[in-house]
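Commentary on secondary and tertiary structure
Below are the chains, spelled out letter by letter.
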Amino acid sequence: MLETTVTEENLNPFKIAQRQIEKAASLLQLPEEVVEILKQPKRVLSVTFPVKMDNGKVKVFEGYRSQHNDAVGPTKGGIRFHPDVTLDEVKALSMWMSFKCGVVGLPYGGGKGGVICDPREMSKGELERVSRAFMEAIHEIVGPEKDIPAPDVYTTPQIMGWMMDTYSRLRGHNSPGVITGKPLIIGGSKGRNEATARGCVFAIQDALHDMGKATEGATVAIQGFGNAGRIAARLLAELGCNIVAVSDSRGAIYDPEGLDLAKVERLKDHSNILEYGDSHIIPANQLLELDVDILVPAALENVITSHNASQIKASIIAEAANGPTTPEADAILFEKGVKVIPDILANAGGVTVSYFEWVQNLMNYYWSEEEVNGKLKVAMSDAYRAVQSLATRYKTDLRTAAYMISLERISKAMEARGWV
């Protein structure tokens, strides 16, 4: 097997995903041909499409949809709108989605999509036209039994609604199951908006219990105060945790006595969290190194690296974001005894409730929020226990154990289909 190399100077998420596969596959002693299949997406579509902007000019946008592996079932994964979207990022995210689905036992493979744009600079009308045009560009490779998109960075339930409507028009019939994360009125699931954060909190609870620590009074720092980060903060606070630091793209604030979350949320919605008070502002990178019990990276990739991993003081890192920790940092944290709940487990609540939404769409029968949250807790706790048990057995970290569970599941499906 040719080992994929990754350097801290070249934090390519696709290469990192390949390296993570290699590490877990070597412990499972999987055949080389299986590993080589899993190291590449099965299908990647690159599209360009024109959109008329509000000023009357036509702008050409570029987007991608990657489908990693469909041995277990149709591919599943979000669509992000971001100026820094790259093909390698989308490919890596589709691979991580395969393993995320696998670790919680969903009948899906991984998919991911992205459009290079900045929705913060677009009007609602422009955003709708971009959303509909992208769905039109990819509609032939997606569908309820092919590939089911969902929200991701800077995409919303409304955007999913526009995309579902466009797909339905092209197909000539209503097809809510083509996409998840939709508004409730057109087939969305109750509990979906909080699912990523709630699943992460369930994983944190299991990790604290596993370590013999109490939730009450545990200190928490959250990097990224977007949807997942702010909801995780609220849910953890309800359990008795003390949220001492949060950050967003503008900066970070810290109060060792605990932040006033209601005030932080008001500032986030109406002005700037840095207006919390000058004495509470800290350098954004310092948040990761605070002396807290729980660190929740809920922003973007590659924020914990070999350059800062040795300075991490948290006992638990719960990765609400995708790919926040590099392989080099993982090795340092494991040696330090830090329990890293990997992204493919910690933030799997979103895709789990997306699966529930898809099931409800296909049945045309909808569950209460209590039912959704109850099923999510069972799925997350079962997955955590399986990962922890395997990590203990192989004396490895939780990320590698999570990959091992998923790799074994996918490889068995490939073998059953006769692919290998």
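Once a new chain begins, its residue numbering starts again from 1 and follows that chain's sequence as written. Selection of residues for local features in this predicted model requires a pLDDT of at least 70, selection of side-chain atom pairs for listing and counting requires 80 or more, and totals for whole chains, interfaces and linings are taken over all residues. As a convention, hydrogens and water are excluded, and side-chain values are obtained from all of the structure's heavy atoms.

Looking at an unreviewed UniProt entry, one finds the chain named Glutamate dehydrogenase, with Paenibacillus vulneris as its source organism.

1. Observations regarding the overall build of the chain
Helix and strand counts for the chain stand at 13 helices and 12 strands. Each radius of gyration reported is based on C-alpha atoms, and the globular scaling rule is 2.2 Å times the count of residues to the power 0.38. Computed over C-alpha atoms, the radius of gyration of the chain comes to 21 Å, within 12% of the 22 Å expected from 2.2 N^0.38 for 420 residues, which places it in the range of a compact globule. For the C-alpha atoms alone, the extent of the chain along its principal axes is close to 55 × 55 × 45 Å. Buried residues are those whose accessible area, probed at 1.4 Å on protein chains only, stays under 20% of the maximum for their type, while exposed residues exceed 50% and partly exposed ones sit between those limits. Every one of the 420 residues in the chain was classed for burial, and the buried ones make up 61%. Here the analysis covers contacts within the chain between residues at least 6 apart in sequence; of these, 68% occur between residues at least 24 apart. By the criteria applied, helices consist of DSSP H or I runs no shorter than four residues and strands consist of E runs no shorter than two, each listed in order from the N terminus. Every residue pair with non-hydrogen atoms within 4.5 Å of one another is taken to be in contact.

2. A word on helix H11 (residues 349–363)
Between its terminal C-alpha atoms H11 stretches 21 Å, which fits the 21 Å expected from 15 residues at 1.5 Å a residue. H11 sits mainly inside the fold: 12 of its 15 residues count as buried. Residues of H11 that are buried: Gly349, Gly350, Val351, Thr352, Val353, Ser354, Phe356, Glu357, Trp358, Val359, Gln360 and Asn361. Elements that come into contact with the buried residues of H11 comprise strand E3 (75–82), helix H3 (87–103), strand E5 (147–151), helix H6 (192–210) and helix H12 (369–394). After H11 finishes, the residue Asn364 shows a positive phi value of roughly 55 degrees. Multiplying 1.5 Å by the helix residue count minus one yields the expected span of that helix.

3. Details of the sheet that holds strand E10 (residues 294–297)
In space, the seven strands of this open sheet follow the order E9-E8-E7-E6-E10-E11-E12, with mixed pairing throughout. Because the sheet does not close on itself, it has two edges, and the strands there are strand E9 (281–282) and strand E12 (339–341). If DSSP finds at least two bridges between two strands, the strands pair. Bridging between strand E6 (residues 219–223) and strand E7 (residues 242–248) involves five bridges; their strand directions are parallel. When the bridges of E7 are listed, Ala221 appears paired with Ala245. The axes are straight lines fitted to the C-alpha atoms, using for helices just the contacting stretch, and the angles between their N-to-C directions are given from 0 to 180°. Each of E10, strand E11 (316–318) and E12 touches H6; the most contacted strand, E12, lies at about 155 degrees to it.

4. Notes on the packing of aromatic side chains
Here a Phe, Tyr or Trp ring, Trp counted by its six-membered ring, pairs with any other such ring whose centre lies within 6.5 Å, and the pair is stacked when the planes are under 30 degrees apart, edge-to-face when over 60, and tilted otherwise. According to the stated counting rule, one finds eight aromatic pairs in the structure shown. Taken together, a centroid distance of 4.9 Å and an interplanar angle of 35 degrees make the contact between Phe99 and Tyr403 tilted. Within this pair, whereas Phe99 is found in helix H3, its partner Tyr403 is found in helix H13 (residues 398–417), the two being separated by 304 residues in sequence. Of the two residues, Phe99 and Tyr403, neither departs from the other in class, the shared state being buried. The interplanar angle of 35 degrees and the centroid separation of 6.1 Å between the aromatic rings of Tyr355 and Trp358 together place this pair among those described as tilted. A residue pair is termed a helical-turn pair when its members lie 3 or 4 positions apart in one helix, as Tyr355 and Trp358 do in helix H11 at three residues. Of the residues examined, Trp358 reaches a relative accessible area of 12% and is grouped as buried.

5. As for the pattern of salt bridges
Working definition: two side chains of opposite charge can pair if their charged atoms are close together. For salt bridges, the criterion is a side-chain nitrogen of Lys or Arg within 4 Å of an Asp or Glu carboxyl oxygen. A full pass over the atoms with the stated rule returns 28 salt bridges. A single network of salt bridges, built from pairs that share partners, joins Glu194, Arg198, Arg230, Arg234, Glu265 and Asp269.

6. Some points on the packing of H6 against H12
Any two packed helices are characterised by how steeply their axes cross, that is the angle between the axes, and by the distance between the axes. Two elements in contact, H6 and H12, have axes separated by 9 Å at closest approach and are oriented at 45 degrees. With respect to H12, the element H6 is oriented oblique. Our pair here, H6 against H12, has a crossing hand that is right-handed. Only Glu369, Asn373, Leu376, Lys377, Met380, Ser381, Tyr384 and Gln388 of H12 make contact with H6, whose side of the interface consists of Glu194, Ala195, Arg198, Gly199, Phe202, Ala203, Gln205, Asp206, Ala207 and Asp210. Note on terminology: angles under 35 degrees are roughly parallel, angles over 145 are roughly antiparallel, angles of 65 to 115 are roughly perpendicular, and the others are oblique. Handedness of a helix crossing follows the sense of rotation of the near helix relative to the far helix, less than a right angle counterclockwise being left-handed and clockwise being right-handed.

7. So, the packing of H3 against H13
Between H3 and H13, the shortest axis-to-axis distance is 8 Å and the interhelical angle comes to 90 degrees. One element, H3, and the other, H13, form an angle in the roughly perpendicular class. Facing H3, whose interface residues are Trp96, Ser98, Phe99, Cys101, Gly102 and Val103, H13 presents Ala402, Tyr403, Ile405, Ser406, Leu407, Arg409 and Ile410. The residue classification treats Ala, Val, Leu, Ile, Met, Phe, Trp, Tyr, Cys and Pro as nonpolar and Asp, Glu, Lys and Arg as charged. All others, Gly included, are polar. Here the contact of H3 with H13 is built from residues that sort into nine nonpolar, three polar and one charged.

8. So, the sheet that holds strand E1 (residues 43–52)
Pairing in this open sheet of five strands is mixed, and the strands run E1-E2-E4-E3-E5 from one edge to the other. Every interior strand has two partners, whereas the edge strands, E1 and E5, have only one. Geometrically, the sheet is characterised by an average inter-axis angle of 20 degrees between neighbouring strands, direction not taken into account. Contacts between H3 and the sheet are confined to E1, strand E2 (58–67), E3 and strand E4 (109–116), with E4 contributing the most and set at about 150 degrees to the helix.

9. Here we look at the nonpolar core
For soluble globular proteins, nonpolar side chains are generally found buried alongside one another. Ile204, Val246, Val296, Ile341 and Leu407 are the most contacted members of the largest nonpolar core, which totals 87 residues. The contacts of Val246, once residues within four sequence positions are left out, are Ile222, Phe225, Gly251, Ala252, Ile253, Leu259, Val264, Ile273 and Leu287. Working definition of a nonpolar core: buried Ala, Val, Leu, Ile, Met, Phe, Trp, Tyr and Cys residues. They are joined through side-chain atoms within 4.5 Å.

10. Looking at the pairing of E5
Across the five residues of E5, five count as buried, placing the element largely inside the fold. Pairing analysis gives five bridges linking E3 to E5, with the strands arranged parallel. Residue pairing in the sheet places Gly78 in a bridge with Ala150 of E5.

11. What about the side chain of Thr215?
By the secondary structure assignment, Thr215 is in the loop between H6 and E6. The buried category is assigned to Thr215, whose relative accessible area is 18%. Excluding residues within four positions of it along the chain, Thr215 makes contact with Leu208, Leu239, Gly240 and Cys241.

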